[in-house]
Amino acid sequence: MTEPLDDPEVLGLFDRRAEDPRARDELVERFASLAEYLARRFAGRGEPLDDLTQVANLGLLSAIDRFDPAREVRFTTFAAATIVGELKRHLRDKAWAVRVPRRLQELGLQIGRVIPAMTQELGRAPTVDEIAARVDAPPDEVLEAMDAMHAYAAGSLDAPTRDEEVTRIDTMGDEDPSLELVEAWSTVAPAVADLPERERRVLYLRFFRGLTQSEIAEDIGVSQMHVSRILSQTLDRLRSAVGVEGPPDEEAED
Amino acid sequence: MTGSSPAPVVVSIPGDAAYLHILRAVTGAVAARLRMPVDSIEDLRLAVHEAASYLISATDGAALTLELRATAQDLRAVVTAEAVVGVWPPEGFEGSLARTVMAGLADSSMVRLQGNAPAIELRKRTLDP
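Residues numbered from 1 in each chain as written. Chains lettered and ligands numbered in written order. Predicted model: local features only at pLDDT ≥ 70, side-chain atom pairs only at ≥ 80, totals over all residues.

Trainee: Before we go on, may I ask you to explain the overall build of chain A in this structure?
Mentor: The number of helices and strands found in chain A is 11 helices and zero strands. The order of helices and strands in chain A, counted from the N terminus, is α-α-α-α-α-α-α-α-α-α-α. Relative to its 254 residues, chain A shows a buried fraction of 39%. (Helix = DSSP H or I, 4+ residues; strand = E, 2+ residues; numbered from the N terminus. Buried ≥ 20, exposed ≤ 12 C-beta atoms within 10 Å, placed from the backbone.)

Spelled out as structure tokens, the structure:
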């Protein structure tokens, strides 16, 4: 589980980064190629490479400032997750703004708000028809908006969790009740051990505790649509790790 | 949707992961017409995706057909690959990720031959009337 740590020289730069701007600059220089490499991986999706590189560099800066050498994670692992998160969020925000009509965006947000309340009232998740009646929209449009929200939630895998400053990588390594899942799935999906804690928790709650998506949403503090997306992306990731076809989707860096 | 057993909805796609979203969309649309809560709809969509992914992989990309049939109690999704296979399910299926995921998401999942073609049937309960 424990990765080899960064070399002492790099660790020294991290120790001095707050008070010595040159140390910070040197870290940027040392790891600029990682940001460039990741930016190139996201090229060809309609965004200029220059813009992607700029986003990746901002991600790198953020990673340098937030990296905690005391955690037993190599900086490149931490930085790659941060940079990929920034790139995905950038592409998602662009795509969302361009592709989804405003009417559906607003309806999707409205649906995201009414589902928890209706789940409380009904004692189960609502049906599409029930949602349609509540938001006064045709059921087909509700489905369409839910799909649009699904796409919107895609990038949020890397977004901050409830605590704005704590991204998923920060939550790794702490107390982890879903280790039971890692053990039980070690043969069917060994890659489960590499998942961030929140993704593991979602799998654990769904497959071991038998919670519904709405119940999981409440537990981890996101919408049911977001839970569905987390499940979908996590299963894609595990599936591609065991060599079974998944959709052509970008994978986070390992 | 009225009546106890309406005609099934049937859709075919090439055996390529790029088309799986079509199966998810059709499953969602049909499930929404039944009395199914949104999280059950999403579970079934994920299970259908899992079954289809597994069949594509197990048959080296054979075309797939999804049939969705509503009964009084549940929605049944049968994904069939247009392929001839020697052994079905293949060795290792019981301990596979696909099996584990489908069993967890659907109320029941069965692997069988549809004629000579490999198929996976998933069932998800609709709400009590």
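From this point, the narrative continues.
Trainee: Sorry, what's going on with the overall build of chain B here?
Mentor: Assigned secondary structure in chain B consists of three helices and five strands. Moving toward the C terminus, one meets the helices and strands of chain B in the order β-α-α-β-β-α-β-β. Across chain B, the fraction of contacts at a sequence separation of at least 24, relative to all contacts at a separation of at least 6, is 68%. (Contact = placed C-beta atoms within 7 Å.)

Trainee: Just checking my understanding: could you explain the interface of chain B and chain A for this structure?
Mentor: The parts lose accessible area when they come together, and the size of an interface is often stated as this lost area. Counting from both sides, the interface comprises 26 residues of chain B and, opposite them, 29 residues of chain A. Broken down by secondary-structure element, the contributors of at least two residues to the side of chain B that touches chain A are α1 (20-33), α2 (38-58) and α3 (97-105) of chain B. Looking at which element gives the most residues to the side of chain B that touches chain A, the answer is α2(B), with nine residues. Residues of the side of chain B that touches chain A, tallied by class, amount to 14 nonpolar, eight polar and four charged. (Nonpolar A, V, L, I, M, F, W, Y, C, P; charged D, E, K, R; others polar.)

Trainee: Would you take a moment to explain α1(B) for this structure?
Mentor: Note: α-helices contain 3.6 residues per turn, so residues at a spacing of three or four share the same orientation. When the terminal C-alpha atoms of α1(B) are compared, their 21 Å separation across 14 residues agrees well with the 20 Å that a helix rising 1.5 Å per residue should span. All of the buried residues along α1(B) are Leu20(B), Leu23(B), Arg24(B), Thr27(B), Gly28(B), Val30(B), Ala31(B), Ala32(B) and Arg33(B). (Expected span 1.5 Å × (residues − 1).)

Trainee: Honestly, the pairing of strand β4 (residues 108-114) of chain B in this entry has me stumped. Any pointers?
Mentor: Regular strands place side chains that alternate from one sheet face to the opposite one. Relative to strand β5 (residues 117-125) of chain B, β4(B) is paired through seven bridges, and the arrangement is antiparallel. When the sheet's bridge partners are listed, Val111(B) is paired in β5(B) with Ile120(B). (Pairing = 2+ DSSP bridges.)

Trainee: What is the right way to look at the nonpolar core in this model?
Mentor: Proteins that are soluble and globular tend to have nonpolar side chains buried together. Residue and element names in this part refer to chain B. Core analysis: the largest hydrophobic core is formed by 69 residues, its most contacted members being Val48, Ala51, Leu55 and Val79. Ranked by residues supplied to this core, first place goes to α2 with 12 residues. Not counting the four nearest positions on each side in its chain, Ala51 is found in contact with Val79, Met102, Ile120 and Leu122. (Core = buried A, V, L, I, M, F, W, Y, C linked by C-beta atoms within 7 Å.)

Trainee: Teacher, can you tell me more about helix α11 (residues 224-241) of chain A here?
Mentor: An ideal rise of 1.5 Å per residue puts 26 Å on 18 residues; α11(A) measures up with 26 Å between its terminal C-alpha atoms. Within α11(A), 15 of the 18 residues are buried, which leaves the element mostly enclosed by the surrounding structure.

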